[in-house]
Amino acid sequence: MSTSAESVVTENTQTALPDRVDEAFIVERIFSAVMEHRLAPATKLNEHKLCETFGVGRMRVRRALLLLSSQGIVDLETNRGAFVASPGPEEANEVFEARALLEPAIARQVVADIMPERMELLRQHISLESEARGNNRVTDLIRLSGEFHVKLAQASGNSILRRVVRELVTRSSLIVGLFGTSSHTMCPANEHSYILSAIERGDADSAEVQMIEHLNRIRDGLNFSAPKPQEKDLAEILGLQ
């Protein structure tokens, strides 16, 4: 996924189409809508509707959908079309098992070797989360909650870890969008601050435990019996009207 796909519009913000809509722009809008839970799992991405929405030809839309498919965000089904990926309970468990194995170890590694400028970026991110929570900007908070985990992996200095965590966080966003209860649509309040405080103290054991408990609480907030349908205009969902 390109870096441009990580920039996301804030809640109630509309985005005008650029003079030339390329695959990267289409990928960015769909990726952002998924990460912010505006575009629900299992939503059909009708090629004709996407062409109309973005004002482009079918081949450009198809290339964008292929890129999204390669990241696990979109499922392409023969003779049926494209759908936002809809992980089942088994895959949901596997995703959180993978995160539970990987992210506590990353937290411990960051304690051992973090650069001051990367620590400052994490502090700034926590401030953004607090501001979004205080102003009840739910869409921003959902996005920022996922980004914290990616930024923590980035702070390790390992680009491969960052890429893997980013893909797992994206998949987790789909899972929470499908199975999350009303009180579990994002990371629990202040827990990122607790993790960061342990890192700042140089307490690797605490940082690791805090991350394990944090991921467990997110996982415990899933309700596999209540998938959520969503019906809205596609252009509205993508922030284009």
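Our structure is the block above this text.
The following refers to the structure shown. Note that this is a predicted model, so its numbers are computed, not measured.

## With respect to the sheet that holds strand β3 (residues 81-84)
Strand pairing within a sheet occurs via backbone hydrogen bonds; the two strands may be parallel or antiparallel.
Point 1. If you trace the three strands from one edge of the open sheet to the other, you get β1-β3-β2, paired in antiparallel fashion. The open sheet has two free edges, formed respectively by β1 (44-45) and β2 (74-77), since each of these has just one partner strand.
Point 2. Both β2 and β3 contribute to a ladder of four bridges, which runs antiparallel. Residue pairing across strands places V74 opposite V84, the latter belonging to β3.
Point 3. Contacting β1, β2 and β3, helix α3 (residues 58-70) runs over the sheet at an angle of about 115° to β2.

## Quick notes on helix α4 (residues 89-112)
Point 1. Here α4 contains 24 residues, and its C-alpha end-to-end distance of 35 Å stays within 8% of the 34 Å for a straight helix at 1.5 Å per residue.
Point 2. The largest bend along α4 measures about 25° and falls at A100, with the proline P104 one to four residues further on.
Point 3. Those residues of α4 lying buried are A92, V95, F96, R99, E103, P104, I106, A107, V110 and V111.
Point 4. Residues of α4 that are buried in the fold lie against α6 (138-155), α7 (159-179), α8 (191-201) and α9 (204-220).

## Notes on the environment of V150
Point 1. Mapped onto the fold, V150 is located in helix α6.
Point 2. When its relative accessible area of 10% is taken as the criterion, V150 is described as buried.
Point 3. Considered as a pair, V150 and L161 are 11 residues apart in the sequence and their alpha carbons are 8.9 Å apart.
Point 4. Here V150 is in contact with R162, V165, R166 and V169, once residues within four sequence places are set aside.

## Structural notes on the packing of aromatic side chains
Point 1. If you walk through the whole model with that rule in mind, you get one aromatic pair.
Point 2. Measuring from ring centre to ring centre gives 6.1 Å for F25 and F54, while their planes differ by 90°; the resulting arrangement is edge-to-face. Here F54 lies in helix α2 (residues 47-54) and F25 lies in helix α1 (residues 23-35), a separation of 29 residues in the sequence. The exposure classification of F25 matches that of F54, with both residues buried.

Analysis parameters
- Residues numbered from 1 in each chain as written.
- Predicted model: local features only at pLDDT ≥ 70, side-chain atom pairs only at ≥ 80, totals over all residues.
- Heavy atoms only, no water.
- Pairing = 2+ DSSP bridges.
- Helix = DSSP H or I, 4+ residues; strand = E, 2+ residues; numbered from the N terminus.
- Contact = heavy atoms within 4.5 Å.
- Axes fitted to C-alpha atoms, helices over the stretch in contact; angles between N-to-C directions.
- Expected span 1.5 Å × (residues − 1).
- Bend = angle between axes of the 7 residues up to and from the residue.
- Buried < 20%, exposed > 50% of the residue type's maximum accessible area, 1.4 Å probe, protein only.
- Phe/Tyr/Trp six-rings, centres within 6.5 Å; stacked < 30°, edge-to-face > 60°.

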